[in-house]
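Here is what each chain is made of, one letter per residue.
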Amino acid sequence: MKIAVLPGDGIGPEIIKQAVKVLKAFGLENILEYAPIGGAGFEAFKDPLPKSTLELAIAADAVLLGAVGHWKYDKLPRDMRPERGLLRIRQSLNLFANLRPAIMFSELIHASSLKAEVVSGLDILIVRELTGDIYFGEPRGIVTNQKNEREGINTMRYSESEIKRIAHVAFKTALKRSKKLCSVDKANVLETTELWREVFIETGKEYPEVELSHMYVDNAAMQLVKNPKQFDVIVTGNIFGDILSDQASMLTGSIGMLPSASLDANNKGMYEPSHGSAPDIAGQDKANPLATILSLAMMFKYTFNDQEKFNLIENAVKSVLREGFRTEDISSEGTNLIGCEEMGDKVIERLEI
Ligand code: IPM
Ligand code: MG
């Protein structure tokens with residue numbers, strides 16, 4: 001067993017450190033190998049996804065990633081920017097299925113900007129296709145057009161097989177939950193997603209137990225705020241999933257709580273918090289490490305088939321929250337404000353191993 005650890009930029013290293021403490025508590029520190037990605041990759045090797053990092057990730061059974069990005073790299077050529085490293089590793093490892101849960105921990109109900117009754121008990125799973133769509137479609141670029149003005153081009157495209165494989169993941173995921181699947185598209189305007197809808201309907205015939213519904217993305221954005229508990233599993237393409245998963249995360253109060261898993265066809269996965277690198281608070285011991293720690297829990301569940309460690313970690317996180325410990329992003333009156341390091345320590349203390 002080998003885990004590639006890619007701390008990345010901004011708060012990446014400090015949140016990863018806390019997840020690594022959990023791995024140490026399980027006696028698993030010997031299976032970790034570190035490598036730079038994003039801005040850190042650029043600093044070390046002039047490449048946001050250095051060859052050695054990719055090779056390590058390919059050889060590993062799973063990848064644990066912090067976050068990438070820093071505004072100081074915004075002026076670099078596009079291929080050298082930190083985000084490119086992330087997109088390339090997703091594509092190179094074929095991590096087409098991105099699972100992003102949005103779960104309301106009852107202890108954090110007051111951290112949500114929505115009314116408690118709207119979000120209490122919320123438990124949504126967004127399945128986001130991660131290696132296709134307008135993110136990767138060609139042609140793309142900024143060109144000079146025939147009128148001699150600059151024109152930006154991106155291409156939304158999905159092949160039938162790409163839609164089918166994410167559909168199977170989504171239906172199988174729904175089977176393990178409440179058997180309700182909502183596919184989000186823009187089939188009234190975009191042909192790409194008209195095909196998406198057709199392929200979902202066809203694939204759905206293989207899963208008669210799952211109740212499949214369809215929703216346009218604009219309506220889904222509205223329904224997520226109006227009545228989020230109508231959803232269980234949502235499946236959508238790359239760009240809509242990017243946007244809706246940020247929105248869904250805020251229903252739960254803080255994006256600092258939410259983990260994610262990006263899986264290939266064999267459940268090899270890359271695990272990372274759903275939030276970004278937050279360079280504004282990097283190095284100040286303010287970041288919330290719980291999304292990263294919960295991402296590690298997902299690694300045990302999905303890649304290593306170890307539901308027990310998943311439960312141990314999740315229960316430890318819940319205990320810490322129940323006892324009132326909070327990082328700044330989730331703190332409210334009457335709670336106990338602590339830093340990133342201490343939050344990591346608290347989780348270890350509550351791990352019942
Ligand atoms: C995410 C992020 C990335 C994305 C960026 C950093 C490239 O927003 O993981 O949601 O757009 O996929
Ligand atoms: Mg995003």
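Residues numbered from 1 in each chain as written. Chains lettered and ligands numbered in written order. Predicted model: local features only at pLDDT ≥ 70, side-chain atom pairs only at ≥ 80, totals over all residues. Heavy atoms only, no water.

Observations regarding unusual backbone geometry
Going from Glu138 to Pro139, the amide bond is cis rather than trans, its omega being 0°. For Pro139, the position within the fold is in the loop between strand S5 (123-129) and strand S6 (141-144). Despite not being glycine, Lys46 shows a phi value in the positive range, around 55°. Considering the arrangement of structural elements, one finds Lys46 in the loop between helix H2 (39-45) and helix H3 (51-59). Lys46 sits in the exposed class, given a relative accessible area of 54%. One non-glycine residue, Asn305, lies in the positive phi region at around 50°. Its place among the elements puts Asn305 in the loop between helix H10 (290-302) and helix H11 (307-322). (Helix = DSSP H or I, 4+ residues; strand = E, 2+ residues; numbered from the N terminus. Buried < 20%, exposed > 50% of the residue type's maximum accessible area, 1.4 Å probe, protein only.)

Remarks on helix H4 (residues 82-92)
Pro82, Arg84, Gly85, Leu86, Leu87, Ile89 and Arg90 are the residues of H4 that are buried. Once H4 ends, the next one or two residues include Asn94, with phi positive near 60°.

Looking at the sheet that holds strand S8 (residues 180-185)
With mixed pairing, 10 strands are arranged side by side in an open sheet as S2-S1-S3-S12-S11-S4-S5-S10-S8-S9. The sheet is open, and its two borders are formed by strand S2 (32-34) and strand S9 (211-216), each paired with just one other strand. For this sheet, the mean angle separating the axes of adjacent strands, direction not counted, is 20°. The pairing of S8 with strand S10 (residues 233-236) spans four bridges and is classified as parallel. Looking at the pairing, Leu181 lines up with Val233 of S10. Contacting strand S1 (3-8), strand S3 (62-67), strand S4 (97-103), S5 and strand S12 (269-273), H4 crosses the sheet at an angle of about 150° to S12. Here helix H9 (residues 238-251) sits on the sheet in contact with S4, S5, S8 and S10, set at roughly 160° to S5. (Pairing = 2+ DSSP bridges. Axes fitted to C-alpha atoms, helices over the stretch in contact; angles between N-to-C directions. Contact = heavy atoms within 4.5 Å.)

What to know about the site of ligand 1
The full set of residues close to ligand 1 is Glu83, Leu86, Arg90, Arg100, Arg128, Tyr135 and Asp242. Between an oxygen atom of ligand 1 and a side-chain N or O atom of Arg128, the distance comes to 2.9 Å. Take Asp242: an N or O atom from its side chain is 2.9 Å from an oxygen atom of ligand 1. Take the shell around ligand 1: its biggest share by element is three residues, from H4. Partitioning the shell around ligand 1 into residue classes produces two nonpolar, no polar and five charged. Shared between two domains, the shell around ligand 1 takes at least three residues from each, and those domains are domain 1 (1-96 + 265-353) and domain 2 (97-263). (Near = heavy atom within 4 Å. Polar contact = N/O pair within 3.5 Å; in protein donor to acceptor, adjacent residues only side chain to side chain. Nonpolar A, V, L, I, M, F, W, Y, C, P; charged D, E, K, R; others polar. Domains from an automatic or database assignment.)

A few points about the pairing of S6
As paired elements, S6 and strand S7 (residues 150-153) share four bridges and run antiparallel to each other. Within the sheet, the bridge partner assigned to Val143 lies in S7 and is Glu151. The turn linking S6 back onto S7 is made up of five residues, and Asn148 within it adopts a positive phi angle of 65°.

A short note on the pattern of salt bridges
In the structure shown here, the tally under the stated rule is 19 salt bridges. One salt bridge connects Arg88 with Asp47, and the closest N-O pair in it is separated by 3.1 Å. Note that Arg88 is positioned in helix H4 and Asp47 in the loop between H2 and H3, a separation of 41 residues in sequence. Overlapping salt bridges, with partners in common, bring together Lys17, Lys21, Glu341 and Asp345 in one network. (Salt bridge = Lys/Arg side-chain N within 4 Å of Asp/Glu carboxyl O.)

Describing the environment of Gly344
With respect to the secondary-structure elements, Gly344 resides in helix H12 (residues 340-350). On the basis of relative accessibility, which here comes to 0%, the residue Gly344 falls in the buried class. It is 9.9 Å that separates the C-alpha atoms of Gly344 and Ile16, two residues lying 328 residues apart in sequence. Non-local contacts of Gly344, meaning those with residues more than four positions away in its chain, are made with Gln18, Lys21, Pro289 and Ile293.

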